[in-house]
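Residues per chain are reported as follows:
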Amino acid sequence: MKSTDVFSGPAVSMQQILLRREQRVLEQRAMLEEAGCSSLVSFTLNIPGPVKQSPALQMVFDAGKKQLSLLLAGHILKKRVTCADTGSELLLALDLVLLAVGEDRLVQLENSHPIGRLFDMDVLNREGLPLSRTAFAASRRRCLVCGQDAKLCARSSAHSPEVLQSCIASLLDGYFRDCAADRFASCACRALLYEVSVTPKPGLVDRSNSGSHSDMDFFSFLDSTSALTPWLREMFRTGWNHVHKEAAEMFSVLRLIGLQAEDAMLRATNGVNTHKGIIFSLCVFGGAYGKVSALSFPVQPALSDILSVCRTLGGCALSELPSLPGDTSGERCYLAYGTEGIRGEAARGFPSVMQIGLPALRRALQAGHSINDAAALALLALIGGVEDTNMIHRGGYELAQMRRAEANALSAADISTDTLSALDRQYIRENLSPGGCADLLTVSLLLLFLTG
């Protein structure tokens, strides 16, 4: 993240800043009189230079405001928020004793929060007089650049505003990246858990049975998902950190993360392959999502841009795999992509998710189905619309095509759980498992959770 991404707002003069500071003092005294409170907290941001307000800085302010609301919940008598070019401000009138506010809560927040160094929180008594950090026996703030006493550096102008702003941009880059990575990992983990929990699913592991798989069960998937969760976060962080790198270089790092995630899966399941295919898909999507998020910050990334990067990364995967003898069924592409059995489909990214899985999922939810039933219907639509090489491998091409046509016909109707259960028993008898479509369902659920 560049300084220009953070400090993109209007510049204000020192006169404007001083005038606003005088106005804030008057507002603090007025609130103390109106609320009849024990103390008052004034929260602003500690931002050097003439730019005090921007979309990114507003996000920093909102993060501090949220933490203050959590820390002081139940003790807030009155709240006032002001957003201006001179910066956002929050006043909280409290019923807490002065020392309890400062020593036990606010100083700890400033010291422990990842971007707490940018929080400027003053505690005022009933007379409107501020209490300094030294009154709480708290250590002085440290300079962002050199780590020395921040006040001494400020008084001596030891560092230029440009240097300070560069440090702030670097600090915020890591903070916002990790927040977004946590959200991606949470949504991806949720999608993995929802996919295995959907019951019944033809030929697949669910809460009722192990489908056509004798070496795994529902708990195998829970163990595997738990082991994968930290790697899901790293997939996103890799995309963000390599935002300006070539696709091939980013893919090489993602591949290493995928291999480490696969190793974690195998160790958690005692050697059983529960998620190998989806690991690759999530590596590609997570890396693309991280890259586009970094490029579009602070605006939410566009799905079309994410899928465009997915196509590029998918192309890197295909270029590194040798052709297989008799590769007419798309087996090479299945090995590379992990989900779909058509080479062109994989090279283009996630078309079946966008064209089949996600629309079917949303239609079913809008029709009033539960998330379980909506996901089951989306899976059926995917089985009917995608050539799944796992089905071909297990049952042969003709049987796979027969079941695909059957699923396509059933997905057009509002089928019952009994029909799905009967289909599950049939797939088990025929040793069929639409594992590629299950991966596509996971990605469909992930997109649903990410986009709302």
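These numbers were taken from a predicted model, which means no experiment stands behind them.

A. How the structure looks around the packing of helix 16 (residues 397-411) against helix 17 (residues 417-429). Packing of helix 16 against helix 17 brings their axes to within 13 Å, and their N-to-C directions diverge by 175°. Put simply, helix 16 runs roughly antiparallel to helix 17. The residues of helix 17 that touch helix 16, namely those facing R403, E406 and L410, are T419, L423, Q426 and Y427. Considered class by class, the residues forming the contact of helix 16 with helix 17 number three nonpolar, two polar and two charged.

B. Region of interest: the packing of aromatic side chains. Tallied over the full model, the rule gives 15 aromatic pairs. Between F184 and F285 the ring centres are 6.4 Å apart and the planes differ by 25°, which places this aromatic pair in the stacked class. Here F285 lies in helix 9 (residues 276-296) and F184 lies in helix 6 (residues 161-197), a separation of 101 residues in the sequence. Here the aromatic residues Y175, F176, F184, F236, W240, F285, Y289, F297 and F350 are joined through ring pairs into a cluster of three or more. The ring centre of F449 lies 3.8 Å from the NZ or CZ of R190, which sits over that ring.

C. Up close: the sheet that holds strand 3 (residues 87-94). With antiparallel pairing, the five strands of this open sheet are ordered in space as 2-3-1-4-5. The two strands at the open ends of the sheet, each matched to only one other strand, are strand 2 (76-84) and strand 5 (130-131). One ladder, built from two bridges, connects strand 4 (residues 119-124) with strand 5; its direction is antiparallel. Among the inter-strand pairings, V123 is bridged to a residue of strand 5, identified as L131. Sheet strands in contact with helix 2 (residues 14-35) are strand 1 (39-45), strand 2, strand 3 and strand 4, and its direction is about 20° off that of strand 3.

D. Molecular detail of the confidence of the model for the protein. Across the protein, pLDDT averages 87, with 89% of residues at or above 70. Contacts of residues 321-348 to residues separated by more than four positions or lying in other chains number 61 contacts, the stretch itself having pLDDT below 50.

E. Seen up close, the pattern of salt bridges. Taken as a whole and assessed by the stated rule, the structure comprises 15 salt bridges. For D178, the salt bridge identified is with R233, shortest N-O distance 3.8 Å. Of this pair, D178 sits in helix 6 while R233 is found in helix 7 (residues 218-241), placing the two residues 55 residues apart along the sequence. Taking relative accessible area as the criterion, R233 reaches 24% and is therefore assigned partly exposed. The closest approach of N and O atoms between R403 and E406, which form a salt bridge, is 3.5 Å. Of this pair, R403 and E406 both sit in helix 16, three residues apart, roughly one helical turn.

What counts as what
- Residues numbered from 1 in each chain as written.
- Predicted model: local features only at pLDDT ≥ 70, side-chain atom pairs only at ≥ 80, totals over all residues.
- Heavy atoms only, no water.
- Axes fitted to C-alpha atoms, helices over the stretch in contact; angles between N-to-C directions.
- Helix = DSSP H or I, 4+ residues; strand = E, 2+ residues; numbered from the N terminus.
- Parallel < 35°, antiparallel > 145°, perpendicular 65-115°, else oblique.
- Contact = heavy atoms within 4.5 Å.
- Nonpolar A, V, L, I, M, F, W, Y, C, P; charged D, E, K, R; others polar.
- Phe/Tyr/Trp six-rings, centres within 6.5 Å; stacked < 30°, edge-to-face > 60°.
- Lys NZ or Arg CZ within 6 Å of the ring centre and 35° of its normal.
- Pairing = 2+ DSSP bridges.
- pLDDT = per-residue confidence, 0-100.
- Salt bridge = Lys/Arg side-chain N within 4 Å of Asp/Glu carboxyl O.
- Buried < 20%, exposed > 50% of the residue type's maximum accessible area, 1.4 Å probe, protein only.

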